[in-house]
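The lines below spell out each chain.
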Amino acid sequence: MNLLEQYFSYPAAPERILSIIGIELHWILLQYTLGLPFAILVLLLLYKKTGNQNWLKLARTATKALGINFALGAASGTLSEFGLVVVWPNVLEAAGRYIYYPLYLEIFAFLTEIVFVYLLVFGWNKLSTNAKIIVAFLAMFGAWFSAAMIVSVNSYMVAPAGIVSAYNPQTGWMYSQGYPKVLLVVPSDLVGALDIAKLQSLGMEVVGQMGNGVAVYMPSKIVARLAYEAWSMKTVGDSVLALVVKPEALPAVKGLLVKDVVDKILVETVRTVGYTTVTFQSPVYLGSILHTIGAALTVTGFTFAGAFALLMLLTKKKTAYYMDGLKFGVFFSLVAIVLQGAVFGHTMGEEIAHFNPEKLAAMEGTSNQILSIPRTFGIEGLMKLIIYGNPNAQLPGYDQIPVDYCSLMGVPNIPDCRPPLILHYLYYTKTGLSILLALLSIVVAILIWRKMELGNIWLWSLAASPAVAHLVSFLGWGVREMGRKPWTIYGVMTVDVARTANPVGPLTYAVVGLLFIAVLALQVYAAWRLLFVPSLRGEEE
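Summary of the structure given here.

The rules behind these values
- Residues numbered from 1 in each chain as written.
- Predicted model: local features only at pLDDT ≥ 70, side-chain atom pairs only at ≥ 80, totals over all residues.
- Heavy atoms only, no water.
- Helix = DSSP H or I, 4+ residues; strand = E, 2+ residues; numbered from the N terminus.
- Rg over C-alpha atoms; globule rule 2.2 N^0.38 Å.
- Buried < 20%, exposed > 50% of the residue type's maximum accessible area, 1.4 Å probe, protein only.
- Contact = heavy atoms within 4.5 Å.
- Areas by Shrake-Rupley, 256 points an atom, 1.4 Å probe, with all protein chains shown as cover.
- Lys, Arg positive; Asp, Glu negative; His and termini not counted.
- Charge placed at Lys NZ, Arg CZ, Asp CG, Glu CD.
- Patch = residues over 30% accessible without salt bridge, like charges linked within 9 Å, V, L, I, M, F, W, Y side chains within 5 Å.
- Salt bridge = Lys/Arg side-chain N within 4 Å of Asp/Glu carboxyl O.
- Pairing = 2+ DSSP bridges.
- Axes fitted to C-alpha atoms, helices over the stretch in contact; angles between N-to-C directions.
- Disulfide = S-S within 2.5 Å.
- Phe/Tyr/Trp six-rings, centres within 6.5 Å; stacked < 30°, edge-to-face > 60°.
- Lys NZ or Arg CZ within 6 Å of the ring centre and 35° of its normal.
- Expected span 1.5 Å × (residues − 1).
- Bend = angle between axes of the 7 residues up to and from the residue.
- Parallel < 35°, antiparallel > 145°, perpendicular 65-115°, else oblique.
- Left-handed = near helix turned anticlockwise from the far one by under 90°.
- Nonpolar A, V, L, I, M, F, W, Y, C, P; charged D, E, K, R; others polar.

### Regarding the overall build of the protein
Step number 1: The secondary structure content of the protein amounts to 21 helices and seven strands.
Step number 2: Against the 2.2 N^0.38 benchmark of 24 Å for 541 residues, the protein shows a C-alpha radius of gyration of 25 Å, consistent with a compact globule.
Step number 3: Overall, the C-alpha framework of the protein stretches about 85 × 55 × 45 Å when taken along its three principal axes.
Step number 4: Every one of the 541 residues in the protein was classed for burial, and the buried ones make up 54%.
Step number 5: Across the protein, every contact between residues at least 6 apart in sequence was considered, and the portion connecting residues at least 24 apart equals 77%.
Step number 6: Just so you have it, the protein exposes about 23400 Å², and 67% of that area is on carbon and sulfur atoms.
Step number 7: When the 36 basic and 31 acidic side-chain charges of the protein are each reduced to a single mean position, those positions are 10 Å apart.

### Considerations on a nonpolar patch on the surface
Step number 1: Taken together, the side chains of Tyr100, Tyr104, Ile107, Phe108, Phe110, Leu111, Ile114 and Tyr275 present a nonpolar region at the surface, about 730 Å² in accessible area.
Step number 2: Inspection of the secondary structure assignment puts Phe110 in helix α5 (residues 101-122).

### With respect to the sheet that holds strand β5 (residues 213-219)
Step number 1: The strand order β3-β5-β4 describes an open sheet built from three strands, whose pairing is antiparallel. Of all strands in the sheet, those with a lone pairing partner are β3 (181-187) and β4 (205-210), marking the two edges. On average, each strand axis in the sheet is tilted by 25 degrees relative to the strand beside it, whichever way the strands run.
Step number 2: Summarising the sheet, β3 and β5 pair through seven bridges and their orientation is antiparallel. Across the sheet, the residue bridging to Leu184 is Val216, located in β5.
Step number 3: Taken strand by strand, helix α12 (residues 258-273) contacts β3, β4 and β5, and its axis lies near 100 degrees from that of β3.

### What about the pairing of β3?
Step number 1: The buried fraction of β3 amounts to seven of the seven residues, a majority that puts the element mostly inside the structure.
Step number 2: The two faces of β3 match: Lys181, Leu183, Val185 and Pro187 on one face and Val182, Leu184 and Val186 on the other face are all buried.

### Concerning the state of the cysteines
Two cysteines whose sulfur atoms are joined by a covalent bond form what is called a disulfide.
Step number 1: Counting across every chain of the model gives one disulfide.
Step number 2: Disulfide partner of Cys406: Cys417, at an S-S distance of 2.1 Å. In this pair, Cys406 sits in the loop between α17 (380-388) and α18 (422-449) while Cys417 sits in the loop between α17 and α18, placing the two residues eleven residues apart along the sequence. Of the two residues, Cys406 and Cys417, neither departs from the other in class, the shared state being buried.

### Looking at the packing of aromatic side chains
Step number 1: Under the counting rule described, the total for this entry stands at 25 aromatic pairs.
Step number 2: The interplanar angle of 50 degrees and the centroid separation of 6.2 Å between the aromatic rings of Tyr321 and Tyr322 together place this pair among those described as tilted.
Step number 3: On the accessibility criterion, Tyr321 (4% relative accessible area) is buried.
Step number 4: Three or more aromatic residues joined by ring pairs make a cluster, and in this case those are Phe38, Trp55, Trp144, Phe304, Phe328 and Phe332.
Step number 5: The ring of Trp124 is capped by Lys132, whose NZ or CZ atom sits 4.9 Å from the centre of that ring.

### Regarding the environment of Glu248
Step number 1: Inspection of the secondary structure puts Glu248 in the loop between α10 (241-244) and α11 (250-253).
Step number 2: By relative accessible area, Glu248 is classed as exposed at 60%.
Step number 3: For the pair formed by Glu248 and Ala501, sequence separation is 253 residues and the distance between their alpha carbons is 36 Å.

### What about the side chain of Arg60?
Step number 1: With respect to the helices, strands and loops of the structure, Arg60 is situated in helix α3 (residues 53-87).
Step number 2: Beyond its immediate stretch of four places on either side in the chain, Arg60 contacts Leu120, Val121 and Trp124.

### Digging into helix α19 (residues 456-484)
Step number 1: For α19, spanning 29 residues, the distance from its first C-alpha to its last is 42 Å, which sits close to the expected 42 Å at 1.5 Å a residue.
Step number 2: At Ser465, α19 is bent by approximately 40 degrees, the largest bend along its length, and proline Pro466 sits one to four residues beyond.

### A word on the packing of helix α13 (residues 285-315) against α19
Step number 1: Put simply, α13 and α19 touch, their axes get as near as 8 Å, and they point 155 degrees apart. With respect to α19, the axis of α13 lies roughly antiparallel. When you trace α13 past α19, the crossing you get is left-handed. Here Ser288, Thr292, Ala295, Val299, Phe302, Thr303, Ala305, Gly306, Ala309, Leu310, Met312 and Leu313 of α13 come into contact with α19, specifically with Asn456, Leu459, Trp460, Leu462, Ala463, Ser465, Pro466, Ala469, His470, Ser473, Trp477 and Arg480.
Step number 2: Grouping the constituent residues of the contact of α13 with α19 by class yields 15 nonpolar, eight polar and one charged.

The following block contains the structure:
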């Protein structure tokens, strides 16, 4: 199988590539916005406890880095947000109408970040140590609060509240029974017009009365079809709804827009589930936010270690300040990466297994069409144990997923809409590099603990570690987002429905992509000139 051809065969390839560039480059900067305030807080607490001036100097340098990063991160974030609005207008319209609350709260989180990040940066010399600690905590709170809001919406897109997947590790795939299914609350005034028996024959399950309507589990194929028809401005008479409306009720409703009917159902669903909490009830939310913060802390820790290792190599000096900076980065990254892999990553993996089994099948490469790493090395039983806690469980078979399971209703002749198998190699590359980073931090931490000399091989390895950590994080987000395709909202809306109706050519998107890259290049240059060069000259005070 041509893995790239499979990925590019999905609709909206240029738009998806542009989104990857924008979101991933913004994430490179965002990791430091999440990680640096926590690092500054820890350094200030170390200084308060020990009186070691090097911890204060490191906190000051990290604060300068946070100021530079936050300014450029805000710029790249603005570019990304405008890009989402204009490239994926329908999914943003749906988010704004039905799951707006966390996006609204994120505005206040961003304001909190602005106030306390810049108070820390520009008020450093006027604040006492205790005041710095408080301000650093509030800057961290604002950043993490912002991440919590955004990740809740992203988690809802990955697995909406009430989603029931199409896989059972004991019995296998359940597509023949209409799965995956989405929880909907149909308003009472619409229930009377629907032919319930016909809907049940199509796989709908009635849960019972809930709020001001009837809760049902609706097959995602039907939901996705309704989403397509809603944003195509079809009427009920021209819709699949005409097949499940009672004949006596059809004349009264056939002129209605499908979008108005869908709107009533979604409004009632969100109101019943809880409009302020619906995104946080996504079954993948906990693992997602923990994994996001864990990635940011891991990258931040390795950046500290790598920067001071490079300083030692270039100056051929191992001053107390350089050594303290390197030690802090090594132990910070060690704790972060262990938590990230053993706790946060495991939580995330269990959530994917239960609620995104098609993605799991692609990640684990359970297909006879490719060379599977677990199958090659005979670790399939181990993966079952890690994922399900049972070595006798079944991993979801990729080849058994119907090629049309996601129903790309707006685009004819799509040969295969399953998650791309290239995810398998991206995921295991990420996993392998993560293990190498963990081993590096463990070995160097032991050498430091035993007060042994750090040779150049370890210093060069640490100097390269920030780039590797960024690559791991980059691949992680890539696997998350590519694994969700061809859905934009899993089980609800596919990419062909979400995209703009007037896409531009690849050249225009390439120009926009270059703008994102220019912002990243500016960040690298600013960090080099304003942070690294002064430290190289011994001007870190």
